[in-house]
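One letter stands for each residue in the lines below.
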Amino acid sequence: MMLFCLFVLIIMGVRRQAYDFVIKDDGSDSVNALEQFVNKPKSIFTTNDVGSTKGKNYPRASTSINQFITVEAMGSTPGFSDSASAWTPRGALNLLVENTYFYNQPDGTWAEGLTGTASPYPQSVQRQRSYNSFPRVYFDENTNYDVTYYIGNSIVGIPDVFIADPFTQVVPA
Amino acid sequence: MATPSLFKKITDVQKTSAYSTGSLEVACRAQIGDYTNGTVNIQDVAYDETSSMLCAVGNYFSDGTAVNTGGDTIAAQYIPLVGVVTVNALTIQDATWVLTPQFDSVNIVLQTPNSEQSALVKVIALPSGVSTNWTNETWLAVGHANTDMATKGPGFNAMIAPNSNQTPLIVSVRTAGTTLYESSMEANSRPSWAWTDTGGVSTSNFNPMLLGDIVYSPENDQIVCVGSSVPDSGGAGSAGMIVESDFGGAFDTFSFYIGSSVGGSPNGPCTFRTVSIQETDVAGATVANRTLCLVGGVSNSATINGTGSLWLYQPDFSNAWPGGQPRVKPMATGLSDVSGFWREFVQNTSGGTANDVPTMITAIDKVSDDGEDIYVMMGTSFNGPFMIFASGLSCGATGAPTVFDNEVVAAGVDVKFDEIEWKSLALQGGLPAGITGISTRAALTCIGLTQRKTKAIAGGIVDLSNILPVSSSTGATANGFLISMSRAGLVFNTDVQDNGELPQNTAAFIIVSEIPNNEDDKFFIINSRLGGVAFTSPTSGSMTNIASAQPITNHTAKAYFEYILYDGVDALIAKKLQQLGVRVTITNLEWYKQDILKQGLDLDADFFREWSSSQVGENEKREKLAENYGSSRLQKRAVRTELFDDYNNREEILAEMDRFRQEDPTEDTPYSDEVADTQEEKKIEKSLDDKIRIENLVDEETDNQNKT
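Bear in mind that the values here come from a model prediction, so they are computed numbers and not experimental data.

S.K.: Describe the overall build of chain A, naming the residues involved and giving the relevant values.
M.R.: Across its full length, chain A holds one helix and eleven strands. Partitioning the intrachain contacts of chain A with sequence separation of at least 6 by distance along the chain shows that 65% fall at a separation of at least 24. Carbon and sulfur atoms make up 53% of the accessible area of chain A, which amounts to about 8500 Å² in all.

Pasting the structure below:
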């Protein structure tokens, strides 16, 4: 299941908004559809691949004239574990401004982004954000932007392979 | 390692529901006149992908009022039952059932000894469009039914315990009806008395008794069944039996072979309970003449240190048995066989103890839907449920070196598994509490899930002496289990069991059955009883139940993104703040606004008048600019240029006309418009006036001269 929620708080010309994106193996999506979301950054607005032309009805998010956006917070399910008893997505969020990712490797190459462990959602006593304040990211007017979510661990798990020793029995006549 | 693919929950559970309102129970009461309430007991199901129908087999307890087609009243006893779900197989609580009790398959008098229930215990769906021998059949089911051995004629003696007065039963099931295909009781079918010896190999006057499993050979369009046989002459002995069809020959019938015979005073009959099939050569190519069957069962329930049997069987229809030599190899006879497969592999190779050797093989499932191709051998041992994973089965005549060609010969044979692992300890460690370590608990079925590439494994209580006992000391309820197992059997998960998500976990055992090519990996879960425990006082807990369910993991990943959108003038201020190097926040934005107001930049009415004037001016400029760029000009009238083909030299003509007008002294003015006409009139008028004035002047001059 993929779910998008939008929360809005309006104060005159200022609106505080939030997206709550959920992907869940609850039987409403096929295994194939779920695994399409793994190991690649996906837009949380459209679930499209970055740069995908799929679905012309889902253009990239953009600010129009006389709009200005400040990113206030990002977070995702924390954890790196991929054990059979405690699965976590190893997820990370990134911001795409025009053609540039906000979080990059030191050499400028693409990085997965802000991990759920660094900025967990939902937060709890044991899971707190590692930032004192969120980095300043502004989207000026007429700016294309996107928020991508990267899941590193397979959602349904990776099938193991049977490896064992041979055995031969001699059955007499 | 990364999380192996497993399912941890089931969802979309559709079930026949509980006693007494479930669809199956309601159908039994409506369609079976002699039905004893609450006694229907389903043992197996098979889903036909082509018709989207489900076939369920089992039995029920007749109240003694049933009448067979011969008009005889049937005594109270178990009656084999076929049920076909013709509509809503996957939403089975709303299923439309067509139930067909097999009245004619049983003797009207319940015989003694009677340790085995009359029932159909296994059903398979035939692949669509493959079979010519069973063109009209959709399913084939096997089991056994109450009979009177002594009445069959000379040479047949009454049964002696622990054997049961049962005779094999094969039923072909069609979407439009059911045929009693093979029965020793029904006059129009072919009785097992007429079955021949496979390949001419003597069966030593044994007579077929039980059937426990069936497989279909797509390459040969034949079937192989396994079960148990007993001596015609009576006695407590018995033998495992392998039956194969001989269709397409001179006489379409069955033949059988016996193995693992036991005498003395066993606690239960020697029975082959399970069979699996492969039809490939050593290179992996599918061929018709390399069919191998792996057969498992129990040879005796009293012998300690191993009574599980394992045989390698090559059907006569695949490779003709030469000169009465059977193509069968007893890998483990089960009779404390010191050189048998279990001893060699489980004890000597894998480090197990004598109590780890299987006391019975309950099922050998060849699971390949999950992308692996593994024989999952399941059974019981004194230490608890038994399991082996094996793949790459091949065989060849023993030699130096042995050439593996998948042909079973009468001489010594090397049987090789490319990969094999004893999994009992892993299984026992992965089972729910209360099942591990009990010698009468076993896994009964294992299926592969195509999409998730994982396995589901289910089981529960088994009877070491009977397939479906009339009564069983081990027939207690609430011992069925369903667990998730990774494809290679490295990880087990009991979440479905522990969370109580099973549609009904109060039955004696659970089996699972796949739904072929289901994109959601849905499968059937069957809860069943082992003995006749609840026949007189049915409760919801002991009811048989069929459910379809979808496996899931419930793994959840969430992402959260929060932002503030500044719109309109606030966006301008936000941008100004950014240019100033001030962090853009609502507080800073409000501060900037307040600061502007404090600087006296308040607006009065004059400002709006000036603003209005400037807007008017700006609008005029814009309109002027638009006009200059042509955007506000009227469009030219469309011209149909094809009408002027005769005037292609129009420009030259016009130029010529202009030249003539310029050179013509009388045509120096426009000639065709009103202004020109007016000017022309004025010129003519002036010319006339000039002429008149000149004449007048001439006249005056003349008059003056005359005066002088």
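Moving on from the model shown.
S.K.: Could you give me a rundown of a nonpolar patch on the surface, with the residues and numbers involved?
M.R.: Where nonpolar side chains cluster on the molecular surface, the patch consists of B:Ile653, B:Leu654 and B:Met657 and spans about 210 Å² of accessible area. Tracing the backbone through its elements, the reader meets B:Leu654 in helix α8 (residues 650-663).

S.K.: Describe the interface of chain A and chain B, and please don't skip the residues or the numbers.
M.R.: It is common to report an interface's size as the accessible area lost on association of the parts. At the junction of the two partners, chain A supplies 66 residues and chain B supplies 74 residues. Applying the counting criterion to the chain A and chain B interface returns five salt bridges. Scanning the region where chain A abuts chain B turns up 37 residue pairs in polar contact (both at pLDDT 80 or more). Of all the secondary-structure elements, those providing two or more residues to the side of chain A that touches chain B are β2 (14-24), β5 (67-76), β6 (91-97), β10 (144-151) and β11 (167-171) of chain A. A per-element tally of the side of chain A that touches chain B places β2(A) first, with eleven residues.

S.K.: Got a sec to walk through the packing of aromatic side chains? Specific residues and values, please.
M.R.: Applying the stated criterion to the full structure yields 33 aromatic pairs over all chains. Note on A:Phe102 and A:Tyr103: the rings are 5.0 Å apart at their centroids and 80° apart in plane angle, and the pair reads as edge-to-face. Among the residues examined, A:Phe102 registers a relative accessible area of 35% and is labelled partly exposed. A residue is classified by how much of its surface remains accessible, and A:Tyr103, at 14% relative accessible area, is buried. Relative to B:Phe523, the ring of B:Phe7 has its centre 6.0 Å away and its plane inclined at 55°; by these criteria the two rings are tilted. Here B:Phe7, found in the segment before β1 (9-15), pairs with B:Phe523, found in strand β28 (residues 523-528); they are 516 residues apart in sequence, far enough to count as distant. Taken together, A:Tyr19, A:Phe45, A:Phe139, A:Tyr145, B:Phe561 and B:Tyr563 form an aromatic cluster joined through their ring pairs. Taking NZ or CZ as reference, B:Lys416 lies 4.4 Å from the ring centre of B:Phe404, over its face. One residue, B:Lys423, lies across the ring of B:Phe389, its end atom 5.3 Å from the ring centre.

S.K.: Can you explain the layout of surface pockets? Please cite residues and give values.
M.R.: Over the atoms rolls a probe the size of a water molecule, and in doing so it shows where empty space is left. Residue and element names in this part refer to chain B. Counted as a void, the second largest pocket has a volume near 240 Å³. Around the second largest pocket, the lining is made up of 15 residues, and of these Gln-278, Thr-280, Gly-392, Leu-393 and Asp-418 lie nearest the centre. Every element with two or more residues in the lining of the second largest pocket is listed here: β15 (271-280), β21 (384-397) and β22 (413-422). When residues in the lining of the second largest pocket are grouped by element, the largest group, four residues, is from β21. In terms of residue class, the lining of the second largest pocket is built from three nonpolar, seven polar and five charged.

S.K.: Provide a residue-level description of the sheet that holds strand β11 (residues 206-217) of chain B, including the pertinent values.
M.R.: All names here are of chain B. Read across the sheet, five strands follow the order β10-β14-β13-β12-β11 without closing on themselves; strand pairing throughout is mixed. Edge positions in the sheet fall to β10 (196-197) and β11, since each of these pairs with one other strand and no more. When β11 meets strand β12 (residues 222-231), the two strands line up antiparallel, connected through ten bridges. The partner of Ile-214 across the bridge, within β12, is Cys-225.

S.K.: Go over helix α2 (residues 341-349) of chain B with me, naming the residues and quoting the values.
M.R.: Taken as a whole, α2(B) has its buried residues at B:Phe341, B:Trp342, B:Arg343, B:Phe345 and B:Val346. Trailing α2(B) by a residue or two, B:Gly351 shows a phi angle of about 85°, which is positive.

S.K.: Could you give an account of the confidence of the model for chain A, naming the residues involved and the relevant values?
M.R.: Interpretation of the predicted coordinates at a detailed level should be avoided for regions scoring low in pLDDT. Of the residues in chain A, 84% have a pLDDT of 70 or more, and the chain-wide mean is 85. Within chain A, β11(A) carries the highest mean pLDDT (95), whereas strand β1 (residues 2-11) of chain A carries the lowest (60).

S.K.: An account of the nonpolar core is needed here, citing residue identities and associated values.
M.R.: Ranked by size, the top nonpolar core spans 51 residues in total, and within it B:Leu54, B:Trp97 and B:Ile546 carry the most contacts. In terms of residue count, the dominant contributor to this core is strand β3 (residues 53-61) of chain B (six residues). B:Leu54 has contacts with B:Val45, B:Ala46, B:Tyr47, B:Gly83, B:Val84, B:Val85, B:Ala89, B:Ile92, B:Trp139, B:Phe524 and B:Ile546, leaving out every residue within four places of it along the chain. A:Leu34, A:Trp87, A:Leu95 and A:Ala118 belong to the second largest nonpolar core, which has 31 residues in total.

S.K.: Please set out the side chain of B:Ser228 residue by residue, giving values where relevant.
M.R.: All names here are of chain B. Note that Ser-228 resides in strand β12. Residue classification places Ser-228 among the buried residues on the basis of a relative accessible area of 0%. Each residue touching Ser-228, except ones within four places of it in the same chain, is listed here: Pro-208, Met-209, Leu-210, Ser-238, Ala-239, Met-241, Pro-269, Cys-270 and Thr-271.

S.K.: How would you summarise the environment of A:Glu72 if you had to cite specific residues and measurements?
M.R.: Residue and element names in this part refer to chain A. Here Glu-72 is to be found in strand β5. Along the chain, Glu-72 and Arg-136 lie 64 residues apart, while their C-alpha atoms are 8.0 Å from each other. A polar contact of 2.9 Å, which involves the side chain of Glu-72, links it to the side chain of Thr-70.

S.K.: Before we move on, could you go through the pairing of β12(B) and cite the residues and values that matter?
M.R.: Put simply, side chains in a regular strand alternate between the two faces of the sheet. Residues and elements named next belong to chain B. Taken across its ten residues, β12 has ten buried, putting it largely inside the fold. As defined by bridge partners, β12 adjoins strand β13 (residues 238-245) across six bridges and the pair is classed as antiparallel. Opposite Cys-225, over in β13, you have Val-243 as the bridge partner. Between β12 and the antiparallel strand that follows it, β13, lie six residues; Gly-234 among them carries a positive phi value of about 90°.

Each value, and the rule that gives it
- Residues numbered from 1 in each chain as written.
- Chains lettered and ligands numbered in written order.
- Predicted model: local features only at pLDDT ≥ 70, side-chain atom pairs only at ≥ 80, totals over all residues.
- Heavy atoms only, no water.
- Helix = DSSP H or I, 4+ residues; strand = E, 2+ residues; numbered from the N terminus.
- Contact = heavy atoms within 4.5 Å.
- Areas by Shrake-Rupley, 256 points an atom, 1.4 Å probe, with all protein chains shown as cover.
- Patch = residues over 30% accessible without salt bridge, like charges linked within 9 Å, V, L, I, M, F, W, Y side chains within 5 Å.
- Salt bridge = Lys/Arg side-chain N within 4 Å of Asp/Glu carboxyl O.
- Polar contact = N/O pair within 3.5 Å; in protein donor to acceptor, adjacent residues only side chain to side chain.
- Phe/Tyr/Trp six-rings, centres within 6.5 Å; stacked < 30°, edge-to-face > 60°.
- Buried < 20%, exposed > 50% of the residue type's maximum accessible area, 1.4 Å probe, protein only.
- Lys NZ or Arg CZ within 6 Å of the ring centre and 35° of its normal.
- 1 Å grid on protein atoms, 1.4 Å probe; cavity = no way out; pocket = protein on both sides within 12 Å on 5 of 7 lines; lining within 4 Å.
- Points joined across faces, edges and corners; volume = space filled by probe spheres on them.
- Nonpolar A, V, L, I, M, F, W, Y, C, P; charged D, E, K, R; others polar.
- Pairing = 2+ DSSP bridges.
- pLDDT = per-residue confidence, 0-100.
- Core = buried A, V, L, I, M, F, W, Y, C linked by side-chain atoms within 4.5 Å.

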